[in-house]
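# Structure at a glance
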Amino acid sequence: MSKVRLTIDGIEREVEAGQDLLSASLGLGVDVPHFCWHAALGSVGACRLCAVRVHDGAEDTTGRIEMACMTPVAEGQRVELADPEAYEMRARVIEWLMVNHPHDCAVCEEGGACHLQDMTVATGHHRRRYRFTKRTHRNQDLGPLLTHEMNRCIACYRCTRFYRGYAGGRDLDVFGAHDRVYFGRYEDGPLESPFAGNLAEVCPTGVFNDKGWSETYARKWDMAATPVICTGCSVGCNLFAAERDGRVRRVQNRYHGAINGHFICDRGRFGTLHVTEDRLDAARVGGTAAPVAEATAAARAALAQGAVGLGSPRASLETNAALRHLVGPERFFAAVPEREARAVGRMAAWLATGRAASLKEMEQADAVLVLGADLTGVAPRAALALRQTARGAADALAAEKGVPAWLDNAARGAGEGRKTPIALVTPMPDALDDVATWALRRAPEEIAPLGRAVAAALGGAAADEEAAGIARALHGAERPLIVVGADGALVEAAGALAEALGDGARLALFPPEANSLGLALTGAGGLEGAVAALEAGQARTAVIAEADLFERAEAELVERLFAAAETVVALDSAETETIRRADIVLPVADWSEAAGTFVNHEGRAQRSFAAVPNGRSAGWRAIRDLCAAAPAWETLDDMLAAMAADLPQLAPARAAAPDAAHRLPLGQVARAPWRMSGRTAHDLAGRVPEGTPARDTDAPLAFSMEGAHGTDAPPALRTGYAVPGLHSASAAPRVTDGPRGPLKAGDPGAFVLQGVDAPARETASVPEDAATGAGLIPLALDDPFAGDELFRRAARLADRCPAPVVALHPEDAAARGLAAGMPVAVAGAAPVALTLDGDVPRGHVAASVGRVLPRGARAPVTVEAAS
Amino acid sequence: MKGILESLGRIGAKLATRKYTAGYPEVKPELPARYRARIVLTRDPDGQERCVACNLCAAACPVDCIDVVKGETDDGRWYPETFRINFARCIFCGFCEEACPTQAIQLTPDFETADYARESLVHDKADLLIAGQGKQKGYRYWSVAGKAIGGKDKGAAEDEAAPVDLKDLTP
Ligand code: SF4
Ligand code: SF4
Ligand code: SF4
Ligand code: SF4
Ligand code: FES
């Protein structure tokens with residue numbers, strides 16, 4: 001990129017060419033007030049708040065007032081932010097915006113982290129002169145996730161630009177005319193988009209806010225924030241978890257340039273709050289509560305009989321490594337069926353070829369083939385990325401005409417609605433159909449053959465029209481991208497396609513869970529191996545670490561495990577079916593109570609830290625106590641060192657974040673913001689303890705306000721943006737390199753797949769489960785609002801989540817004498833009212849993943865009327 | 001040198017003034033209403049709790065001795081579920097009173113707050129909330145706020161127009 005030199009308020013600066021003056025200024029740390037500009041949404045020049053005086057060069061002594069967000073940077077430009085006329089203009093703009101603004105700050109959730117407050121202070125407006133009436137609006141009930149307080153709207157249009165333009169939502173719009181415009185739905189009702197929660201951060205005022213947070217409210221300055229990783233899917237979005245009084249109050253986006261950028265999905269924002277629901281607190285032996293020591297002793301006795309260990313795709317690397325150490329590598333298995341363990345293993349192998357695409361790289365692809373995956377359900381944030389991919393072609397056309405992409409409205413017009421070629425091959429209508437060039441419906445078992453046909457067409461073989469068209473689009477692209485989920489046959493098809501496409505091709509492979517890839521890298525085989533070992537009498541005890549087997553595997557297989565194991569020891573943070581059935585139960589930490597490392601879909605190891613002090617013991621600590629010869633794992637760093645020794649391929653994961661001994665000039669990194677009020681009164685009902693804050697042995701983070709804040713901390717340890725004068729999420733562009741670029745000090749995370757030799761290509765690739773026999777072939781239905789057994793416990797997300805579905809093609813239903821609404825049981829699972837849906841391929845039964853059927857199941861199942 | 005002598009002179013002159021002994025505690029001093037001592041939470045003219053749990057007093061407090069937890073009534077009012085002041089820490093600076101947008105928190109001239117046990121210096125809402133308006137009369141925050149509460153619909157606050165009719169396209 002070329003550079004241009006310009007002066008801002010007399011200081012000479014060098015910035016990248018091709019950007020707007022507002023982005024450039026914010027990047028330099030010069031706070032130009034702004035509203036309608038958003039780092040991810042670009043410039044529209046609507047609010048007129050970013051007025052500055054611009055001189056074209058040394059000879060231009062008069063200059064003119066310009067909107068910084070609409071003005072490209074240019075060589076020799078002189079920009080005056082402090083110009084009296086520009087200052088006056090900004091002050092008047094704010095005064096006008098405040099004319100109708102309610103006197104609400106005291107009872108507004110946004111207060112203290114409000115971009116409108118920040119801008120009002122920045123422009124010096126502090127006295128109301130307007131004496132006439134304020135316009136008012138009625139609010140809407142937007143469902144369980146968001147509040148709506150329309151009086152506070154300043155009509156910046158950020159919400160609709162995000163919701164409709166960026167996230168492809170349809171049910172939020174602007175109504176009415178001139179100063180009475182209204183942002184809401186056509187009628188009351190929950191916002192449909194699974195990204196609606198972002199409105200709480202996108203809206204610069206208190207119109208939209210997190211309803212759950214409002215219920216257990218604390219001001220932003222009163223909550224300690226911790227950098228955590230979302231465990232809702234394999235994307236691994238970076239989050240801030242805000243805590244006060246030992247309770248996680250709110251989860252927000254934490255900027256990561258290559259992954260989530262400015263946005264996360266609602267599953268991550270609201271589902272993570274499952275940690276505030278009822279939890280598993282007491283250990284149990286044989287169904288009755290027992291002290292942890294007693295349960296641990298009982299478990300050790302059972303372990304002495306020989307044990308298999310079942311590692312979890314949602315538990316941290318550390319917990320899985322500890323369990324592997326406890327039972328030995330030969331007896332360590334994954335709590336998922338063989339088909340999934342193998343498919344994810346093959347994903348790791350393909351990713352190790354250096355073709356992994358981050359979400360950022362997905363957005364930059366210029367032709368995409370999605371095979372089989374309902375991306376919105378499997379990895380919601382990735383679906384949002386694909387929507388931006390779709391716009392790439394329009395931006396490219398606009399750029400040809402000289403219109404930069406940041407000039408949002410103009411670029412949309414100049415782009416003529418051109419769409420990046422995206423082929424979406426799925427069994428059922430998909431949420432992304434509207435951005436697809438080819439939205440192809442194929443039965444699950446016909447998708448891999450289509451992938452192979454495209455690969456063959458790339459090699460010059462004859463193919464049907466669709467396959468040939470897709471092959472042409474991929475072939476003509478510089479950065480083609482293949483996207484699949486955890487299906488063995490599709491992973492191979494994707495890999496073959498990428499190879500046929502050459503070095504520029506990228507793979508976005510989405511395993512089912514937050515640490516599926518990490519678990520696969522331990523080399524664990526599937527659940528069947530554990531069952532076989534138990535049935536053969538090689539082991540008598542099964543230890544299950546943080547996984548509900550019934551969620552992940554067919555009931556029949558799980559029942560065999562329970563029948564064959566003399567003792568089942570289960571560790572988890574909440575009550576699950578597996579916990580209910582286990583003989584010995586040990587409570588362990590959830591994501592909010594312990595630090596841990598997770599490997600996301602690209603093979604990026606990321607560290608999550610404990611958001612609340614004094615939580616339950618981390619999974620790996622509980623497992624350490626089960627070892628006959630207790631290993632010397634005191635801290636997370638000990639555990640990581642042991643893991644690196646046992647599993648050298650995971651050693652790079654240690655570098656995901658600095659170790660606990662890391663110190664900055666100011667000491668540790670503070671979780672709590674400077675203000676943290678009430679410290680000498682809080683929690684002091686009837687007593688005056690002068691305690692010290694809790695200590696965290698697993699992180700260089702303090703549970704107090706003492707230490708480094710904001711960008712003084714390394715990126716993996718950031719507890720906030722801490723930009724003076726900017727207290728809301730709108731401060732993010734100040735800490736990034738360019739509005740959508742990486743964090744200034746680099747995006748956090750460490751790749752574990754780099755340098756790992758790809759496991760030898762299996763000659764006989766993963767067998768495609770032959771869909772033979774009687775019954776109907778299952779078809780997994782994912783839902784962005786569902787999530788796993790833990791996420792579904794989060795009350796507000798559960799409210800938003802549709803009831804479990806079982807759907808049949810009407811003719812299949814008629815042939816079985818089933819009618820819509822009838823309670824039916826799939827493979828003996830709990831009955832669900834039947835839906836008839838002509839979109840379900842004949843001979844298949846579509847059912848909700850996890851709640852009705854385990855994911856990835858392919859063997860035909862029975863569907864019967866429940867008695 | 002001159003300054004020192006001057007000070008010495010002034011102090012020496014005090015030897016000649018009349019002695020004054022306050023008869024406290026038998027005789028209570030009369031303090032002005034703006035004197036800053038015991039803190040109370042007041043009610044609005046309708047007898048409703050004024051405090052809306054905005055936390056501004058807590059944020060303003062230089063010794064961090066105010067802890068407020070927000071609650072919300074069924075009719076939409078914000079109120080403090082917990083309001084706690086640790087008088088063992090309070091320095092009676094009055095910043096909380098200045099910060100309060102609802103005139104709920106007020107310092108009063110009652111300075112007799114000493115106690116034998118530190119624990120009893122931690123005052124909860126029940127100890128702080130009084131029946132009246134205190135020294136600031138007449139202010140009712142909810143009448144000027146835009147948020148609707150039971151009995152005060154949108155458009156019913158002071159200087160508010162009736163809610164917008166979205167179907168109306170007239171200029
Ligand atoms: S949106 Fe901001 S300025 Fe408006 S009432 Fe809320 S906190 Fe105050
Ligand atoms: S609701 Fe919020 S984001 Fe939307 S226009 Fe109003 S202030 Fe802007
Ligand atoms: S569920 Fe997945 S996409 Fe959503 S926030 Fe979590 S990691 Fe990101
Ligand atoms: S500043 Fe006033 S209204 Fe706000 S919490 Fe304190 S006493 Fe209540
Ligand atoms: S930010 Fe430039 S006009 Fe709104």
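The rules behind the values
Residues numbered from 1 in each chain as written. Chains lettered and ligands numbered in written order. Predicted model: local features only at pLDDT ≥ 70, side-chain atom pairs only at ≥ 80, totals over all residues. Heavy atoms only, no water. Helix = DSSP H or I, 4+ residues; strand = E, 2+ residues; numbered from the N terminus. Rg over C-alpha atoms; globule rule 2.2 N^0.38 Å. Contact = heavy atoms within 4.5 Å. UniProt positions renumbered as here; feature names shortened; annotations may be inferred. Near = heavy atom within 4 Å. Nonpolar A, V, L, I, M, F, W, Y, C, P; charged D, E, K, R; others polar. Core = buried A, V, L, I, M, F, W, Y, C linked by side-chain atoms within 4.5 Å. Buried < 20%, exposed > 50% of the residue type's maximum accessible area, 1.4 Å probe, protein only. Domains from an automatic or database assignment. Axes fitted to C-alpha atoms, helices over the stretch in contact; angles between N-to-C directions. Parallel < 35°, antiparallel > 145°, perpendicular 65-115°, else oblique. Left-handed = near helix turned anticlockwise from the far one by under 90°. Expected span 1.5 Å × (residues − 1). Buried area = accessible area lost by both parts, 1.4 Å probe. Salt bridge = Lys/Arg side-chain N within 4 Å of Asp/Glu carboxyl O. Polar contact = N/O pair within 3.5 Å; in protein donor to acceptor, adjacent residues only side chain to side chain. Pairing = 2+ DSSP bridges.

Now for the overall build of chain B. From N to C terminus, chain B includes four helices and six strands. Counting from the amino terminus, chain B carries its helices and strands in the arrangement α-β-α-β-β-α-β-β-α-β. Over its C-alpha trace chain B gives a radius of gyration of 23 Å, far above what one expects of a compact globule, namely 16 Å for 171 residues. Each of the three principal axes of chain B carries a C-alpha extent, and together these read 85 × 45 × 30 Å. Looking at chain B alone, contacts between residues at least 24 apart form 70% of all its contacts between residues at least 6 apart.

Here we come to the UniProt feature "domain: 4Fe-4S Mo/W bis-MGD-type" (unreviewed entry) in chain A. Those residues carrying the UniProt feature "domain: 4Fe-4S Mo/W bis-MGD-type" (unreviewed entry) are residues 223-279 of chain A in this numbering. Annotated as residues 223-279 of chain A, this span is 11% helix and 35% strand, and its ends, taken at the C-alpha atoms, are 22 Å apart.

Contacts to ligand 2 come from 13 residues, most closely from A:Cys153, A:Cys156, A:Tyr157, A:Cys159 and A:Cys203. Its residues placed into classes, the shell around ligand 2 shows 11 nonpolar, one polar and one charged.

Here the focus is the nonpolar core. All names here are of chain A. Counting 97 residues, the largest nonpolar core has Leu369 and Leu371 as its most contacted members. Broken down by element, this core gets its largest block of residues, eight residues, from helix 17 (residues 488-501). Inspection of this core shows a minimum of three residues originating in each of domain 2 (283-336 + 518-656) and domain 3 (342-511). Sequence-distant contacts of Leu369, that is, excluding residues within four places in its chain, are made with Ala423, Val425, Val454, Ile470, Leu474, Leu481, Ile482, Val483 and Leu497. Counting residues in each nonpolar core, the second largest holds 43 residues, with Cys230, Ala241, Leu273 and Ala357 among its members.

Our next topic: the UniProt feature "domain: 4Fe-4S His(Cys)3-ligated-type" (unreviewed entry) in chain A. Per the UniProt record, the feature "domain: 4Fe-4S His(Cys)3-ligated-type" (unreviewed entry) sits at residues 85-124 of chain A. Across residues 85-124 of chain A one finds 55% helix and 0% strand; the C-alpha atoms that close the span lie 14 Å apart.

Residue and element names in this part refer to chain A. One way to put it is that helix 2 (residues 84-98) packs onto helix 3 (residues 115-122) with a least axis distance of 9 Å and a crossing angle of 140°. By the angle class used here, helix 2 and helix 3 are oblique. In this structure, helix 2 meets helix 3 at a crossing whose hand is left-handed. In this structure, helix 2 uses Tyr87, Ile94 and Met98 to contact helix 3, whose residues at the interface are Leu116, Met119, Thr120 and Ala122. A per-class count over the contact of helix 2 with helix 3 returns six nonpolar, one polar and no charged.

A separate point is helix 15 (residues 444-458) of chain A. Residues and elements named next belong to chain A. The terminal C-alpha atoms of helix 15, which comprises 15 residues, lie 22 Å apart, in line with the 21 Å expected from a rise of 1.5 Å per residue. Those residues of helix 15 lying buried are Pro444, Ile447, Ala448, Leu450, Gly451, Val454, Ala455, Ala457 and Leu458. Among the residues trailing helix 15, Gly460 stands out with phi positive, at a value near 100°.

A few words now on the interface of chain B and chain A. Each partner contributes to the interface: chain B provides 44 residues, whereas chain A provides 46 residues. Here chain B meets chain A over a buried area of about 3700 Å², counting both sides, of which 52% is carbon and sulfur. The interface formed by chain B and chain A holds six salt bridges in total. A salt bridge links A:Arg244 to B:Asp67, with the nearest nitrogen and oxygen atoms 3.1 Å apart. Where chain B packs against chain A, one counts 22 residue pairs in polar contact (both at pLDDT 80 or more). Looking at the side of chain B that touches chain A, the elements that each hand over two or more residues are helix 2 (56-60), strand 2 (66-72), strand 3 (78-86) and strand 6 (160-163) of chain B. Classifying every residue of the side of chain B that touches chain A gives 25 nonpolar, five polar and 14 charged. In terms of strand pairing, strand 6 (residues 134-136) of chain A meets strand 6 of chain B through two bridges, oriented parallel.

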